[in-house]
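# Notes for the structure review
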Amino acid sequence: MSERKTILVVDDEEPLLKLVTSVLISNGYNVERATNGLAALKKLRTSSIHLVIMDVMMPGMDGFELCQEVRHRSDIPIIMLTARGEQEERVRGLQLGADDYIVKPFGLDELVARIHAVLRRLGHQNERTLIKVDNLVIDVESRTVTNDKAHISLSKKEFDLLVFLAEHLRKYFLETTFTNCFGIRI
């Protein structure tokens, strides 16, 4: 890995959080932790996360709801790690947007191998990582946008449109597009 990727682990079981965190750190990852769906959403808004590992059975917002909410906002890779292993549950998780689904109990080596595989696929898809237009910075890999270091919250469609406009800025679009939408004079 050329840069340390940050993985968000979301689970309400503290012993599992500690174990997975330890294994990920020993494999060269940075780790953020959350014990519920709402805390996870906050971390996703405020941190640069490259992959999310989430449990399904959590208080409040369960993993299926969290997966759906994350997928509504971004294409960040999601691995569901849960005791709910029935085929219907696995299919539901994948249909909601999870990239992989691992049933507890699981092998730590398998978890790390699956993380590597998902991030490798992502790496091939996102060869460009940062797009800068004046004081606007678009991080394609983490799907975040900042303007003078302030985070700009965008939906998935808004983000995709912004990337398209930024990549084709001088080719097809008038400078007023960015001036009107983002307050940037080109």
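My aim in this report is to walk through the structure given alongside it, one point at a time. These numbers come from a predicted model, not from an experiment.

### Details of the pairing of strand 3 (residues 51-54)
- Burial of the side chains of strand 3 extends over both faces: Leu51 and Ile53 are buried on one face and Val52 and Met54 on the other.
- Looking at chain direction, strand 1 (residues 6-10) and strand 3 are connected through 4 bridges and run parallel. Residue pairing in the sheet places leucine 8 in a bridge with valine 52 of strand 3.
- Here strand 3 runs beside strand 4 (residues 78-82); their pairing, made up of 3 bridges, is parallel. Of the residues in strand 4, the one forming a bridge with valine 52 is isoleucine 78.

### A word on the sheet that holds strand 3
- Taken together, 5 strands build an open sheet; the order of strands is 2-1-3-4-5 and the sheet is parallel. Strand pairing shows two members of the sheet lacking a second neighbour, strand 2 (30-34) and strand 5 (100-103), which therefore form its edges. Here the strands of the sheet are splayed against their neighbours by 20° on average, with no regard to which way each runs.
- Strands strand 1, strand 3, strand 4 and strand 5 of the sheet are contacted by helix 3 (residues 63-73), whose axis makes an angle of about 175° with strand 4.

### Concerning the packing of helix 2 (residues 37-46) against helix 3
- Contact pair helix 2 / helix 3: the axes reach a minimum separation of 10 Å and the direction vectors enclose 20°. Judged by the angle between their axes, helix 2 and helix 3 are roughly parallel. Handedness of the crossing formed by helix 2 with helix 3: right-handed. On helix 3, the residues touching Gly37, Ala40, Leu41, Leu44 and Arg45 of helix 2 are Leu66, Glu69, Val70 and Arg73.
- Split by residue class, the contact of helix 2 with helix 3 holds 5 nonpolar, 1 polar and 3 charged.

### A short note on the nonpolar core
- By size, the foremost hydrophobic cluster in this structure holds 22 residues, and its most contacted members are Leu8, Val10, Leu44, Val52, Met54, Leu66 and Met80.
- If you list the elements that add at least two residues to this core, you get strand 1, helix 2, strand 3, helix 3 and strand 4.
- It is helix 3 that contributes the most residues to this core, 4 residues altogether.
- Excluding anything up to four places from it in sequence, valine 10 contacts Ala34, Asn36, Ala40, Val52, Ile53, Met54, Asp55, Met58 and Leu66.
- With 17 residues, the next largest nonpolar core counts Leu16, Leu17, Leu24 and Leu51 among its residues.

### A look at the environment of aspartate 62
- Assignment of secondary structure puts aspartate 62 in the loop between strand 3 and helix 3.
- Distance in space between the C-alpha atoms of aspartate 62 and aspartate 11 is 9.9 Å, their sequence separation being 51 residues.

### Topic: the sheet that holds strand 8 (residues 144-147)
- Taken together, 4 strands build an open sheet; the order of strands is 6-7-8-9 and the sheet is antiparallel. What marks the edges here is a single partner per strand, and that holds for strand 6 (130-133) and strand 9 (150-152). Strand-to-strand twist in this sheet, taken as the mean axis angle between neighbours without regard to direction, amounts to 25°.
- One ladder, built from 3 bridges, connects strand 8 with strand 9; its direction is antiparallel. When the bridges of strand 9 are listed, asparagine 147 appears paired with alanine 150.
- Where helix 6 (residues 156-167) meets the sheet, it contacts strand 6, strand 7 (136-139) and strand 8, and its direction lies at approximately 115° from that of strand 7.

### A closer look at the environment of glutamate 3
- Relative to the helices and strands, glutamate 3 resides in the segment before strand 1.
- Taking the relative accessible area as the measure of exposure, glutamate 3 reaches 38% and is therefore partly exposed.
- For glutamate 3, the residues in contact, after removing those within four places along its chain, are His50 and Glu141.

Calculation criteria
Residues numbered from 1 in each chain as written. Predicted model: local features only at pLDDT ≥ 70, side-chain atom pairs only at ≥ 80, totals over all residues. Heavy atoms only, no water. Buried < 20%, exposed > 50% of the residue type's maximum accessible area, 1.4 Å probe, protein only. Helix = DSSP H or I, 4+ residues; strand = E, 2+ residues; numbered from the N terminus. Pairing = 2+ DSSP bridges. Axes fitted to C-alpha atoms, helices over the stretch in contact; angles between N-to-C directions. Contact = heavy atoms within 4.5 Å. Parallel < 35°, antiparallel > 145°, perpendicular 65-115°, else oblique. Left-handed = near helix turned anticlockwise from the far one by under 90°. Nonpolar A, V, L, I, M, F, W, Y, C, P; charged D, E, K, R; others polar. Core = buried A, V, L, I, M, F, W, Y, C linked by side-chain atoms within 4.5 Å.

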